[in-house]
Amino acid sequence: RRRATRRPGALALPERGRALADASAERAPSSRAMSRPRGVVEPSMASVSVAEYHGLVSPAGWYEAASATAVFKSGHKYVGAWKAGKMHGRGRYEWVDGVVFEGYFTDNVAEGHGRYDWPDGGRYEGQIRKGKRHGPGVMFFADGETRYEGDWVEGKRHGRGRLIFSDDDDHPHFYDGEWFNDAKHGSGVFRYPNGDTYEGEWFRDSKHGRGTMRWVGDGRNEMYKGEWKDGKAHGRGAHVWFRDEKNDGVSVSRFSASANTYVGAFVDGKRHGHGVFKYADGAKYVGDFFEDQKHGFGVYAFEDGSAFRGAFERDRPVVAPGDPP
């Protein structure tokens, strides 16, 4: 064996880029804001990109060392194991911009367990396939709080996973559920920092399908259960305004005849179409709604048993001249 300077063969570079965190209410940090695959460098490109090599060379002239260093003309650097002229075994690859991959290589490709580190503080630890996050792994974002724990496919969150925005015991903020192509997709639970929760179906990062939203923060005490489209109540559903009761000085939410309830059609988050609204005082309206207001034909039954049957316009009954108010 002898030491020499020689150019390596094909090199499939691991993922790189910037690791960012977007801790907005529902938007999950996307692959665009995280590390991106670098792509495969062709053998001819790799062979002309090495500035120097320091390590053992086999009798056949291949790089063959438990640990050797290659410095590329671009300034990138690899320190680690070599076999038959290729990075093979444990090694560390560093880009000039500070991005680092440390883990295992097979025939110049990052494979198995590994870790990426970005200069802004983001990092990934987990399984790698062909240089991309693939399999179970954890992504820690640059803000120091946000992290994703779960499945990856081809560098994207895909399968089952938990995105944690905050570990604050008093104000937990997370999404736990299914992912598809780096977006919340399928069934999952989203917990907001103010205590609100949504549990149900998702489609491309939006509430979509059937689900239940429970509002308990910011002075609200409500629940919607039904159909969703593009993040809004849309289709058939039930909206309940709970009343609070005191039990040993503790506020307890109860659904009873004294709570406002609406069951019916929704469009773009508003009561729209046919529905039934039951008021806390015992009154009830059955009829048409338009953009959250009674509008069209309906029957309003008062708490004393009397009723108005007829047309409504913008939440008010249409009374003909001479009719009693």
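Scroll up for the structure.
The structure presented is a predicted model; accordingly, all values stated were derived computationally and were not measured. (Residues numbered from 1 in each chain as written. Predicted model: local features only at pLDDT ≥ 70, side-chain atom pairs only at ≥ 80, totals over all residues. Heavy atoms only, no water.)

1. A look at the overall build of the protein
Of regular secondary structure, the protein possesses one helix and 30 strands. Residue burial in the protein is summarised as follows: out of 325 residues, 38% are buried. For the protein, long-range pairs separated by at least 24 residues make up 24% of all intrachain contacts whose partners lie at least 6 apart in sequence. When the accessible surface of the protein is split by element, carbon and sulfur atoms take 50% of a total near 17,000 Å². (Helix = DSSP H or I, 4+ residues; strand = E, 2+ residues; numbered from the N terminus. Buried < 20%, exposed > 50% of the residue type's maximum accessible area, 1.4 Å probe, protein only. Contact = heavy atoms within 4.5 Å. Areas by Shrake-Rupley, 256 points an atom, 1.4 Å probe, with all protein chains shown as cover.)

2. Here's the deal with the side chain of Arg-147
Inspection of the secondary structure assignment puts Arg-147 in strand 15 (residues 147-153). Judged by relative accessible area, which is 18%, Arg-147 ranks as buried. Side chain to side chain, Arg-147 and Glu-149 meet in a polar contact 2.6 Å long. The contacts of Arg-147, once residues within four sequence positions are left out, are Met-139, Phe-140, Phe-141, Arg-162, Leu-163, Ile-164 and Asp-167. (Polar contact = N/O pair within 3.5 Å; in protein donor to acceptor, adjacent residues only side chain to side chain.)

3. Details of the packing of aromatic side chains
The description of an aromatic ring pair rests on the distance of the ring centres and on the angle between the ring planes. Counting across every chain of the model gives 33 aromatic pairs. Ring plane angle 80 degrees and centroid distance 5.4 Å describe the contact between Tyr-124 and Trp-152, whose orientation is recorded as edge-to-face. Highlighted residues: Tyr-124 in strand 13 (residues 123-129) and Trp-152 in strand 15, separated in sequence by 28 residues. Accessibility assignment for this pair places Tyr-124 and Trp-152 in one class, buried. (Phe/Tyr/Trp six-rings, centres within 6.5 Å; stacked < 30°, edge-to-face > 60°.)

4. A look at the pairing of strand 18 (residues 183-191)
Strand direction decides the pairing type here: strand 17 (residues 173-180) and strand 18, joined by six bridges, are antiparallel. Bridging across to strand 18, Phe-180 finds its partner in Ala-183. Counting the residues in the hairpin turn of strand 17 and strand 18 gives two residues, including Asn-181, whose phi is positive at 55 degrees. Relative to strand 19 (residues 197-203), strand 18 runs antiparallel, the two being bridged by six bridges. If you follow Phe-190 over to strand 19, its bridge partner there is Tyr-198. Between the antiparallel neighbours strand 18 and strand 19 lie five residues, among them Gly-195 with a positive phi of about 100 degrees. (Pairing = 2+ DSSP bridges.)

5. What about a negative patch on the surface?
Taken together, the side chains of Asp-143, Glu-145, Asp-168, Asp-169 and Asp-170 make up a negatively charged region of the molecular surface. Residue placement: Asp-168 occurs in the loop between strand 16 (156-166) and strand 17. Look at Asp-168 and you get partly exposed, because its relative accessible area is 35%. (Patch = residues over 30% accessible without salt bridge, like charges linked within 9 Å, V, L, I, M, F, W, Y side chains within 5 Å. Salt bridge = Lys/Arg side-chain N within 4 Å of Asp/Glu carboxyl O. Lys, Arg positive; Asp, Glu negative; His and termini not counted. Charge placed at Lys NZ, Arg CZ, Asp CG, Glu CD.)

6. Here we look at the nonpolar core
Tyr-53 and Trp-82 are the most contacted members of the largest nonpolar core, which totals 46 residues. Per-element accounting of this core gives the leading share, four residues, to strand 8 (residues 65-72). (Core = buried A, V, L, I, M, F, W, Y, C linked by side-chain atoms within 4.5 Å.)

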